There are 2 protein chains.
Amino acid sequence: MYVDHPLGPQERVALSREQAHYLFGVMRLDVGADVSLFNGRDGEWRALVAAASKKSGVLDCVVQTKPLQMPPDLWLVFAPIKKDRTSFIVEKAAELGAARIVPLQTEYTQSANRVRQDRLQAHALEAAEQCGGTYVPEVAELQKFAKMLDTWNPTRRILFCDEAMVDKPLILPTNAGPWAILIGPEGGFSDKERDRLNSMLCAHAISLGPRILRADTAAVAAMTLWQQAMGDWT
Amino acid sequence: MYVDHPLGPQERVALSREQAHYLFGVMRLDVGADVSLFNGRDGEWRALVAAASKKSGVLDCVVQTKPLQMPPDLWLVFAPIKKDRTSFIVEKAAELGAARIVPLQTEYTQSANRVRQDRLQAHALEAAEQCGGTYVPEVAELQKFAKMLDTWNPTRRILFCDEAMVDKPLILPTNAGPWAILIGPEGGFSDKERDRLNSMLCAHAISLGPRILRADTAAVAAMTLWQQAMGDWT
C-alpha cells in the first residue's frame, strides 16, 4: 500500500480514513497483521498493525523488504483517447516502468477536455500498488503539442510512433540517456505535427509493424521495445 | 467490415440483418456508398452498396484494395483472467498479429468457467475490423494445461514468461518457425507447471524486466518482443 509518510526504523504511520476502511473493513486485517508499505522514496517496508478501527489506524515499520527501485529516465507522452483506454495507458506506463507520464493535446486529440490529472495520478498509484512497485510515476497536467516542443530540452530524445511508416522495418535506436516516447491519438499525428517532429534532431520515428495499432497498444509496444533496447530489461 | 462470403470480381454479398442495421441504420450509408470488406481469405475489397433496407442489403465487389496479409505462425496461449482483461488480451492478440488464440486452464486460473469462445471470437473479429486487418485469428476452445502439453507438437516452440525470472536479464531466442507464447494467470504458473515447461526442449523461459507485470501487460509485451525478434516487424 502507498502511504505519503516517511518509512524507516521506528517510523509510525497514521492511516487515512480510506486506508483504514480498506485494510480493516475490506481486507479484514486486525492488530498484529502484516502490511507492505511504500512511499515512492524509501523502498518497501514490512509494517505491523498497531491500532485498528473503522476510521483510523496506526502501522509500525519493522524492516525494509525491498530497496527503492527507480525506473529508467523514460517519459510516456500520449494523446488521451477514450476514458477506459486512457486509464489503461497510465496503468501500463506505471507497470512497465515509466518515470513520468504526460497527457498531450494534439491536433486530432478528441478527449483532451475530459482529462483529469488527479484521477490519472490515482490510477498510476493503484497500478504501482498492484504490481508491487516502490515508485509512482508523476502524471503531469495536460500539455499542448507546439508549446511542449518549443521548450523541449534536446538532451531528452524522442521516440515517436509514426503510422506513415507502417510498411517500413522497425529500427530501434540504442542511445542511452533520457528519452520520451510520444504516442499520437487515433488518426495519428497531423502532417504539420509530423514535420515538426521530423525537423528535431533529437526525435526518432519508428514503425510498429505492418498492422495499424490502436494508441493504447502502440504505447505498450513502444515502452516494451524501449525497455528492452535502452532500459532496464536486459 | 468482415463478411463470411467470397470476395472477388462480380461477387455480390448479401448482408445479414445485423450488418444491414449497422451500415444503414447506425452509419447511415445509402445505395452507392463505399464499404471496405474482408473475409479472412481474399484480402480487402472495395464494395458498393447496391441495395439497402433496414433489415437487408446487397454489396457489389469493385476492386481489391489490399492483398490478404497473413500474420506469422504465432499462437497466443493465455490463462483467462477477469472478463475485461480477457477481452483486452484477445483484442491485442488480433492487433499485434497472432494467428491463433488459445485460452488455457492452469492450476491458478480462476475464471476458466466464464470463458465463452464465441464472445472471444467476436472480439477478435471486431479488433481486426478496427485495425484494418484482412485476417481474423481463430479463437480455440478452452484447453487444459497438462492435456495440451501431452499432445504438443515439439516443432512449435514455446516462449513462456516466468515470474521466477523477474531479476534475470531478458534474453530472446531468434529461431524462425512456428511459436506459441504462453502467459500464465495472476499468480503465475505453479511449480509443477513450471517444471513441466522447463523439461520441454522446445520451451524457452524469458524474463519481462524487473517489475511484476499483470497478465494482460505481459501478453502485449511478449507479443511485441516476439514480433520484433522473430516476426514480421523487422
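About the criteria used
Residues numbered from 1 in each chain as written. Chains lettered and ligands numbered in written order. Predicted model: local features only at pLDDT ≥ 70, side-chain atom pairs only at ≥ 80, totals over all residues. Heavy atoms only, no water. Helix = DSSP H or I, 4+ residues; strand = E, 2+ residues; numbered from the N terminus. Buried < 20%, exposed > 50% of the residue type's maximum accessible area, 1.4 Å probe, protein only. Contact = heavy atoms within 4.5 Å. Least-squares fit on C-alpha atoms with pLDDT ≥ 70 in both. Domains from an automatic or database assignment. Buried area = accessible area lost by both parts, 1.4 Å probe. Salt bridge = Lys/Arg side-chain N within 4 Å of Asp/Glu carboxyl O.

A. Structural context of the overall build of chain A. A tally of regular secondary structure across chain A gives six helices and eleven strands. Counting only C-alpha atoms, chain A reaches 60 × 35 × 35 Å along its principal axes. Residues classed as buried in chain A amount to 53% of the 234 residues present. Relative to all contacts within chain A whose residues are 6 or more apart in sequence, the contacts with residues 24 or more apart total 69%.

B. Structural view of the relation of the copies chain B and chain A. Overlaying chain B on chain A yields an RMSD of 0.1 Å, the required transformation being a rotation through 180 degrees with an accompanying axial translation of 0.0 Å. With respect to symmetry, the two chain copies, as superposed, fit the operation of a two-fold axis. Taking C-alpha positions as the reference, the residue of chain B nearest the rotation axis is Ala221 of chain B, at 3.1 Å. The overlap is high: 100% of the interface residues of chain B also sit at the interface in chain A, so the same surface is used on both sides.

C. Region of the structure containing the domain arrangement of chain A. Residues and elements named next belong to chain A. Splitting chain A by domain gives domain 1 (12-66) and domain 2 (74-230). Each of domain 1 and domain 2 was reduced to a C-alpha centroid, and the two centroids are 34 Å apart. Together, the buried faces of domain 1 and domain 2 total about 460 Å²; carbon and sulfur atoms form 67% of this surface. Contact with domain 2 buries area across many residues of domain 1, yet Phe38, Gly40 and Lys66 alone supply 84% of it, more than any other trio. Our count for the domain 1 to domain 2 interface comes out at zero salt bridges.

D. Examining the environment of Leu225 of chain B more closely. Note that Leu225 of chain B resides in helix H6 (residues 215-230). Residue classification places Leu225 of chain B among the buried positions, given a relative accessible area of 0%. Residues Leu225 of chain B and Met70 of chain B, 155 residues apart in the sequence, show an inter-C-alpha distance of 19 Å. With near-sequence residues (within four places) excluded, Leu225 of chain B lies in contact with Thr224, Gln228 and Trp233 of chain A together with Leu170, Leu172 and Leu208 of chain B.

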